[in-house]
Structure formats: structure tokens, C-alpha cells
Amino acid sequence: MPVYDDVDLEDMQWDATLLAYVYQCPCGDVFQITPAELAAGDEIARCPSCTLVIRVIYDPDDLPSDASELSLARIRCVAEQHPPL
């Protein structure tokens, strides 16, 4: 399968709704990959709207180790989107 691009995980954004890392796809949608997929060794993020895929470059040691870390990441993301008044 041809890879559209190699993208560092640090360049992707955390989407708290999808519970996945996302990166803008040229088609207008986003490439998506979950922490569980990364932890399982899958490095290919797919776009649900087209056939393009990207290879995610990451250090497995930097992945969240459990659900509590994912929950904290989600809380941080929501807090960034809705700062206190």
C-alpha cells in the first residue's frame, strides 16, 4: 500500500471526540489512529473518506500507558477548547 506521507506523532492533534490522533487529509477529512492501534504496532493512519494513508512516526514509550492517561488527555483537550471565563 503506497503511503502518502510520513508524519511525526507530535505533529498530529488529539481528538477527544474520536479518542484518536488526527492529521488533516488533502480530501478535507482527517487521518485517524488510536493509541491502542499504535500500542499494537500499527503505524498506518487511515482517512475514512478516501484511500490515502500516512505512516505515523512515534516512540512507543511516549504513548499513554492506560485509560486514566487517556482520560486526562481528553480533559486537557476539552479544557483547551473551552477555557474558563
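This text follows the structure it describes.
All chains use their own residue numbering, which begins from 1 and follows the written sequence. Local features in a predicted model are, by the rule used here, given only for residues with pLDDT of at least 70; side-chain atom pairs are given and counted only at 80 or more, and totals for whole chains, interfaces and linings are based on all residues. Side-chain measures here rest on the full set of heavy atoms in the structure, leaving out hydrogens and waters.

**Q** Tell me about the pattern of salt bridges, and please be specific about residues and values.
**A** The salt bridge criterion pairs a side-chain nitrogen of Lys or Arg with a carboxyl oxygen of Asp or Glu, the two atoms within 4 Å. All told, the structure shown has three salt bridges when counted by the stated rule. Measuring nitrogen to oxygen at the nearest pair gives 2.8 Å for the salt bridge that ties Arg 55 to Asp 6. Taken together, the residues Arg 55 in strand E6 (residues 53-57) and Asp 6 in strand E1 (residues 5-8) connect sequence positions 49 residues apart. Relative accessible area decides the class of each residue, using a 1.4 Å probe on protein chains only: under 20% of the type maximum gives buried, over 50% gives exposed, and in between gives partly exposed. With a relative accessible area of 41%, Asp 6 lands in the partly exposed category. A salt bridge links Arg 46 to Asp 42; the nearest nitrogen and oxygen atoms lie 3.6 Å apart. Since its relative accessible area comes to 38%, Arg 46 is described here as partly exposed. Taking relative accessible area as the criterion, Asp 42 reaches 24% and is therefore assigned partly exposed. By definition, any uninterrupted DSSP run of H or I lasting at least four residues is a helix, any uninterrupted run of E lasting at least two residues is a strand, and each is numbered from the N terminus.

**Q** Explain the pairing of E6 to me, using residue names and the numbers behind them.
**A** DSSP-based pairing: two strands are paired if at least 2 bridges between them are found. Pairing geometry for E1 and E6, over four bridges, is parallel. Bridged to Val 7 within E6 is Val 56. The pairing of strand E5 (residues 44-46) with E6 spans three bridges and is antiparallel. In the strand pairing of E6, Ile 44 is matched with Arg 55. Connecting E5 to the antiparallel partner E6 that follows it, the hairpin turn spans six residues.

**Q** Could you give me a rundown of the nonpolar core, with the residues and numbers involved?
**A** For our purposes a nonpolar core is just a set of buried Ala, Val, Leu, Ile, Met, Phe, Trp, Tyr and Cys residues, chained together by side-chain atoms within 4.5 Å. Of all hydrophobic cores here, the largest spans 15 residues; its most connected members are Leu 9, Met 12, Tyr 21, Ile 33, Leu 38 and Val 56. Every element with two or more residues in this core is listed here: strand E4 (30-33) and E6. In this structure, Leu 38 is in contact with Leu 9, Tyr 21, Ile 33, Val 56, Tyr 58 and Leu 63, ignoring residues within four places of it in sequence. The contact criterion used throughout is that any non-hydrogen atoms of two residues lie within 4.5 Å.

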